[in-house]
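Summary of structural features
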Amino acid sequence: MKIKSPKVNSGDLVSFYDVLNNEELSNYVFEENVDDGLEFVDNIFDACVFKGINFSNIKFKDIDLVDCVFENCDLSNLIFDNKYLNRVSFKNCKFLATSFIGSSLKDVSFEGCQSKYLNFSNSKLNNVLFKDSNLSEASFMEAINKNLFFDNVDLYRAEFVKINLNTVDFSNSDISGVMFDMNSLKGIVVDEFQCKNLITMFGVNVRGMVD
(Lines give C-alpha, C1' and ligand atoms only; values in the text may rest on other atoms or scores of the structure.)
Protein backbone atom coordinates (compact mmCIF):
# COMPACT_ATOMS: atom_id res chain seq x y z
CA MET A 1 0.00 0.00 0.00
CA LYS A 2 1.25 3.47 -0.85
CA ILE A 3 -0.49 6.15 1.20
CA LYS A 4 1.07 9.58 0.81
CA SER A 5 1.73 11.22 4.18
CA PRO A 6 0.63 14.79 4.96
CA LYS A 7 3.21 17.44 4.12
CA VAL A 8 3.28 19.19 7.47
CA ASN A 9 5.93 21.54 8.82
CA SER A 10 6.23 22.89 12.35
CA GLY A 11 3.51 25.54 12.23
CA ASP A 12 2.49 28.36 14.54
CA LEU A 13 0.44 27.52 17.62
CA VAL A 14 -2.81 29.49 17.34
CA SER A 15 -6.32 29.65 18.77
CA PHE A 16 -9.40 28.89 16.67
CA TYR A 17 -10.70 32.33 17.64
CA ASP A 18 -7.62 34.04 16.17
CA VAL A 19 -8.14 32.60 12.69
CA LEU A 20 -11.91 32.34 12.56
CA ASN A 21 -12.20 34.96 9.80
CA ASN A 22 -9.36 33.62 7.67
CA GLU A 23 -10.45 31.94 4.44
CA GLU A 24 -7.27 29.90 4.05
CA LEU A 25 -5.54 28.53 7.12
CA SER A 26 -1.99 27.27 6.54
CA ASN A 27 0.77 25.92 8.78
CA TYR A 28 -1.11 26.22 12.05
CA VAL A 29 -1.16 24.01 15.14
CA PHE A 30 -4.37 23.85 17.18
CA GLU A 31 -4.34 22.47 20.72
CA GLU A 32 -7.05 24.54 22.42
CA ASN A 33 -10.64 23.37 22.96
CA VAL A 34 -13.41 25.95 22.63
CA ASP A 35 -16.34 26.59 24.94
CA ASP A 36 -18.51 28.54 22.51
CA GLY A 37 -19.98 27.24 19.27
CA LEU A 38 -17.75 28.07 16.28
CA GLU A 39 -18.40 27.47 12.59
CA PHE A 40 -15.85 27.46 9.77
CA VAL A 41 -17.44 28.06 6.37
CA ASP A 42 -15.70 27.81 2.97
CA ASN A 43 -12.28 27.39 4.56
CA ILE A 44 -9.21 25.51 3.39
CA PHE A 45 -7.09 23.98 6.14
CA ASP A 46 -3.64 23.38 4.64
CA ALA A 47 -0.70 21.79 6.51
CA CYS A 48 -2.46 22.10 9.87
CA VAL A 49 -2.13 19.92 12.97
CA PHE A 50 -4.94 19.35 15.48
CA LYS A 51 -3.95 17.85 18.85
CA GLY A 52 -6.39 16.70 21.52
CA ILE A 53 -9.27 18.77 20.16
CA ASN A 54 -12.88 17.98 21.03
CA PHE A 55 -14.89 19.20 18.05
CA SER A 56 -18.27 19.12 19.83
CA ASN A 57 -18.42 22.95 19.68
CA ILE A 58 -16.90 23.32 16.21
CA LYS A 59 -18.71 22.88 12.90
CA PHE A 60 -17.18 22.58 9.43
CA LYS A 61 -19.26 23.71 6.44
CA ASP A 62 -17.88 23.46 2.89
CA ILE A 63 -14.29 23.15 4.07
CA ASP A 64 -11.38 21.26 2.51
CA LEU A 65 -8.54 19.51 4.34
CA VAL A 66 -5.14 19.20 2.66
CA ASP A 67 -1.98 17.89 4.36
CA CYS A 68 -3.54 17.83 7.83
CA VAL A 69 -2.94 15.69 10.91
CA PHE A 70 -5.48 14.98 13.67
CA GLU A 71 -4.09 13.40 16.85
CA ASN A 72 -6.21 12.24 19.81
CA CYS A 73 -9.20 14.29 18.65
CA ASP A 74 -12.91 13.68 19.17
CA LEU A 75 -14.73 14.25 15.87
CA SER A 76 -17.94 12.49 16.88
CA ASN A 77 -21.11 13.57 15.05
CA LEU A 78 -19.10 15.96 12.87
CA ILE A 79 -20.45 16.36 9.32
CA PHE A 80 -17.81 16.04 6.59
CA ASP A 81 -20.38 15.48 3.85
CA ASN A 82 -19.28 16.52 0.34
CA LYS A 83 -15.84 17.56 1.59
CA TYR A 84 -12.42 17.09 -0.05
CA LEU A 85 -9.65 15.46 2.01
CA ASN A 86 -6.19 14.99 0.53
CA ARG A 87 -3.20 13.60 2.45
CA VAL A 88 -4.91 13.63 5.84
CA SER A 89 -3.94 11.48 8.82
CA PHE A 90 -6.22 10.64 11.77
CA LYS A 91 -4.40 9.06 14.70
CA ASN A 92 -6.14 7.75 17.83
CA CYS A 93 -9.27 9.75 17.09
CA LYS A 94 -12.94 9.16 17.92
CA PHE A 95 -15.56 9.25 15.14
CA LEU A 96 -18.81 8.11 16.73
CA ALA A 97 -21.54 8.61 14.07
CA THR A 98 -19.34 10.93 11.99
CA SER A 99 -20.49 11.38 8.40
CA PHE A 100 -18.42 11.51 5.19
CA ILE A 101 -21.36 11.08 2.80
CA GLY A 102 -20.47 12.12 -0.74
CA SER A 103 -16.95 13.17 0.21
CA SER A 104 -13.73 12.62 -1.74
CA LEU A 105 -10.83 11.12 0.25
CA LYS A 106 -7.39 10.65 -1.29
CA ASP A 107 -4.36 9.37 0.64
CA VAL A 108 -6.21 9.40 3.96
CA SER A 109 -5.34 7.15 6.90
CA PHE A 110 -7.25 6.23 10.06
CA GLU A 111 -5.01 4.58 12.66
CA GLY A 112 -6.03 3.52 16.16
CA CYS A 113 -9.44 5.16 15.75
CA GLN A 114 -12.81 4.41 17.36
CA SER A 115 -15.18 4.88 14.45
CA LYS A 116 -18.47 3.18 15.22
CA TYR A 117 -21.35 4.14 12.89
CA LEU A 118 -18.99 5.98 10.51
CA ASN A 119 -20.77 6.74 7.23
CA PHE A 120 -18.96 6.72 3.88
CA SER A 121 -22.03 6.27 1.68
CA ASN A 122 -21.58 7.62 -1.88
CA SER A 123 -18.04 8.72 -1.08
CA LYS A 124 -14.93 8.37 -3.27
CA LEU A 125 -12.14 6.44 -1.54
CA ASN A 126 -8.76 6.66 -3.26
CA ASN A 127 -5.84 5.23 -1.27
CA VAL A 128 -7.59 5.06 2.09
CA LEU A 129 -6.19 3.03 4.98
CA PHE A 130 -7.93 1.84 8.15
CA LYS A 131 -5.52 0.30 10.65
CA ASP A 132 -6.00 -1.01 14.22
CA SER A 133 -9.42 0.65 14.34
CA ASN A 134 -13.05 -0.08 15.22
CA LEU A 135 -15.42 0.47 12.30
CA SER A 136 -18.29 -1.61 13.63
CA GLU A 137 -21.63 -0.80 11.99
CA ALA A 138 -19.98 1.59 9.53
CA SER A 139 -21.58 2.10 6.12
CA PHE A 140 -19.79 2.02 2.75
CA MET A 141 -22.95 1.88 0.66
CA GLU A 142 -22.43 2.87 -2.99
CA ALA A 143 -18.93 4.19 -2.29
CA ILE A 144 -16.42 4.31 -5.15
CA ASN A 145 -13.28 2.41 -4.19
CA LYS A 146 -9.81 2.93 -5.66
CA ASN A 147 -7.40 1.21 -3.27
CA LEU A 148 -9.05 0.59 0.08
CA PHE A 149 -7.01 -1.07 2.82
CA PHE A 150 -8.06 -2.73 6.08
CA ASP A 151 -5.40 -3.81 8.56
CA ASN A 152 -6.61 -5.34 11.84
CA VAL A 153 -9.98 -3.60 11.78
CA ASP A 154 -13.21 -4.46 13.62
CA LEU A 155 -15.89 -4.38 10.92
CA TYR A 156 -18.64 -6.04 12.95
CA ARG A 157 -21.98 -5.49 11.19
CA ALA A 158 -20.48 -2.98 8.75
CA GLU A 159 -22.34 -2.50 5.46
CA PHE A 160 -20.75 -2.96 2.02
CA VAL A 161 -23.44 -2.64 -0.63
CA LYS A 162 -23.02 -1.57 -4.28
CA ILE A 163 -19.27 -1.06 -3.90
CA ASN A 164 -16.49 -2.71 -5.90
CA LEU A 165 -14.28 -4.55 -3.38
CA ASN A 166 -12.20 -6.52 -5.89
CA THR A 167 -8.78 -7.41 -4.32
CA VAL A 168 -9.64 -5.71 -0.98
CA ASP A 169 -8.02 -7.81 1.76
CA PHE A 170 -10.17 -8.51 4.82
CA SER A 171 -8.15 -11.51 5.98
CA ASN A 172 -6.81 -10.05 9.25
CA SER A 173 -9.94 -8.08 10.15
CA ASP A 174 -13.17 -9.04 11.93
CA ILE A 175 -15.99 -9.25 9.38
CA SER A 176 -18.52 -11.06 11.56
CA GLY A 177 -22.04 -9.91 10.81
CA VAL A 178 -20.91 -7.78 7.86
CA MET A 179 -23.53 -7.10 5.21
CA PHE A 180 -22.35 -7.72 1.64
CA ASP A 181 -24.38 -7.89 -1.53
CA MET A 182 -23.39 -10.47 -4.13
CA ASN A 183 -21.64 -8.02 -6.45
CA SER A 184 -19.59 -6.46 -3.67
CA LEU A 185 -18.27 -9.90 -2.65
CA LYS A 186 -16.58 -10.50 -6.00
CA GLY A 187 -12.80 -10.66 -5.70
CA ILE A 188 -12.47 -9.92 -1.97
CA VAL A 189 -9.65 -11.61 -0.04
CA VAL A 190 -10.55 -13.55 3.13
CA ASP A 191 -9.04 -16.37 5.18
CA GLU A 192 -10.49 -19.87 5.51
CA PHE A 193 -12.48 -19.13 8.67
CA GLN A 194 -14.01 -15.97 7.17
CA CYS A 195 -14.94 -17.93 4.06
CA LYS A 196 -17.05 -20.28 6.17
CA ASN A 197 -18.84 -17.35 7.79
CA LEU A 198 -19.57 -15.78 4.41
CA ILE A 199 -21.05 -19.02 3.08
CA THR A 200 -23.35 -19.47 6.08
CA MET A 201 -24.37 -15.80 5.79
CA PHE A 202 -26.19 -16.69 2.59
CA GLY A 203 -27.85 -19.75 4.11
CA VAL A 204 -25.59 -22.29 2.40
CA ASN A 205 -24.79 -25.51 4.24
CA VAL A 206 -21.58 -27.23 3.17
CA ARG A 207 -21.51 -30.98 3.80
CA GLY A 208 -18.48 -32.07 5.78
CA MET A 209 -17.66 -28.58 7.04
CA VAL A 210 -16.32 -28.83 10.57
CA ASP A 211 -17.43 -26.24 13.15
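All values derive from a computational prediction rather than experimental measurement. (Residues numbered from 1 in each chain as written. Predicted model: local features only at pLDDT ≥ 70, side-chain atom pairs only at ≥ 80, totals over all residues. Heavy atoms only, no water.)

1. Some words on the overall build of the protein
Secondary structure summary: the protein contains two helices and 14 strands in total. Here the C-alpha atoms of the protein give a radius of gyration of 19 Å, agreeing with the 17 Å that 2.2 N^0.38 yields for 211 residues. Considered along the principal axes of its C-alpha atoms, the protein spans approximately 70 × 30 × 25 Å. Split into buried and exposed, the 211 residues of the protein put 44% on the buried side. In the protein, 7% of the contacts between residues at least 6 apart in sequence involve partners at least 24 apart. Summed over all atoms, the accessible surface of the protein reaches about 10,700 Å², with 44% contributed by carbon and sulfur. In the protein, which carries 20 positive and 31 negative side-chain charges, the distance between the mean positions of the two groups comes to 8 Å. (Helix = DSSP H or I, 4+ residues; strand = E, 2+ residues; numbered from the N terminus. Rg over C-alpha atoms; globule rule 2.2 N^0.38 Å. Buried < 20%, exposed > 50% of the residue type's maximum accessible area, 1.4 Å probe, protein only. Contact = heavy atoms within 4.5 Å. Areas by Shrake-Rupley, 256 points an atom, 1.4 Å probe, with all protein chains shown as cover. Lys, Arg positive; Asp, Glu negative; His and termini not counted. Charge placed at Lys NZ, Arg CZ, Asp CG, Glu CD.)

2. Looking at the layout of surface pockets
By volume, the largest pocket amounts to about 160 Å³. Along its surface, the largest pocket is lined by 13 residues, and Leu148, Phe149, Thr167, Val168 and Asp169 are the ones closest to its centre. Taken together, the residues that form the lining of the largest pocket break down as five nonpolar, six polar and two charged. (1 Å grid on protein atoms, 1.4 Å probe; cavity = no way out; pocket = protein on both sides within 12 Å on 5 of 7 lines; lining within 4 Å. Points joined across faces, edges and corners; volume = space filled by probe spheres on them. Nonpolar A, V, L, I, M, F, W, Y, C, P; charged D, E, K, R; others polar.)

3. Concerning the side chain of Asp107
Counting through the fold element by element, Asp107 comes out in strand S10 (residues 104-111). Within the buried core, Asp107 has no salt-bridge partner, and the shortest N-O distance to an opposite charge, that of Lys4, equals 4.9 Å. At 3.1 Å, the side chain of Asp107 forms a polar contact with the backbone nitrogen of Lys4. Ignoring any residue separated from it by four or fewer positions in sequence, one finds Asp107 in contact with Lys2, Ile3, Lys4, Asn86, Arg87, Val88, Asn126 and Asn127. (Salt bridge = Lys/Arg side-chain N within 4 Å of Asp/Glu carboxyl O. Polar contact = N/O pair within 3.5 Å; in protein donor to acceptor, adjacent residues only side chain to side chain.)

4. Brief notes about the pairing of S10
Pairing analysis gives seven bridges linking strand S9 (residues 84-91) to S10, with the strands arranged parallel. For Phe90, the partnering residue across the bridge sits in S10 and is Phe110. Bridge count between S10 and strand S11 (residues 124-131): seven bridges; the pairing is parallel. Within the sheet, the bridge partner assigned to Ser109 lies in S11 and is Leu129. (Pairing = 2+ DSSP bridges.)

5. With respect to the packing of aromatic side chains
Scanning the model with the defined rule gives 37 aromatic pairs in all. Their ring planes at 50 degrees and their centres at 5.4 Å tell us that Phe45 and Phe60 sit as a pair that is tilted. Of the two residues, Phe45 is situated in strand S5 (residues 44-46) and Phe60 in strand S7 (residues 58-61); the sequence distance between them amounts to 15 residues. The residues Phe45 and Phe60 share a single accessibility class, namely buried. Seen from their ring centres, Phe55 and Phe70 are 6.0 Å apart, and the 50 degrees between their planes marks the pair as tilted. One end of the pair, Phe55, is in the loop between strand S6 (49-51) and S7; the other, Phe70, is in strand S8 (residues 64-71), and 15 residues separate them in sequence. Taking the relative accessible area as the measure of exposure, Phe55 reaches 2% and is therefore buried. (Phe/Tyr/Trp six-rings, centres within 6.5 Å; stacked < 30°, edge-to-face > 60°.)

6. With respect to unusual backbone geometry
Most of the time, phi is negative for any residue but glycine, and the peptide bond is trans. For Asn77, which is not glycine, the phi dihedral falls at a positive 65 degrees. The topology assignment puts Asn77 in the loop between S8 and S9. Although it is not a glycine, Asp132 sits at a positive phi angle of roughly 50 degrees. With respect to the helices, strands and loops of the structure, Asp132 is situated in the loop between S11 and strand S12 (144-151). Its relative accessible area of 41% is what places Asp132 among the partly exposed residues.

7. Things to note about the pairing of S8
Counted residue by residue, S8 has six buried out of eight residues, so it is predominantly covered. Pairing of S5 with S8 involves three bridges; the strand directions are parallel. Within S8, the position partnered with Asp46 by the bridge is Val66. Judged from the three bridges that link them, S6 and S8 form a sheet pairing that is parallel. Bridged to Val49 within S8 is Val69. Strand direction decides the pairing type here: S8 and S9, joined by seven bridges, are parallel. By the bridge assignment for S9, Phe70 is matched with Phe90.

Function cannot be read off these values alone, since they describe shape.
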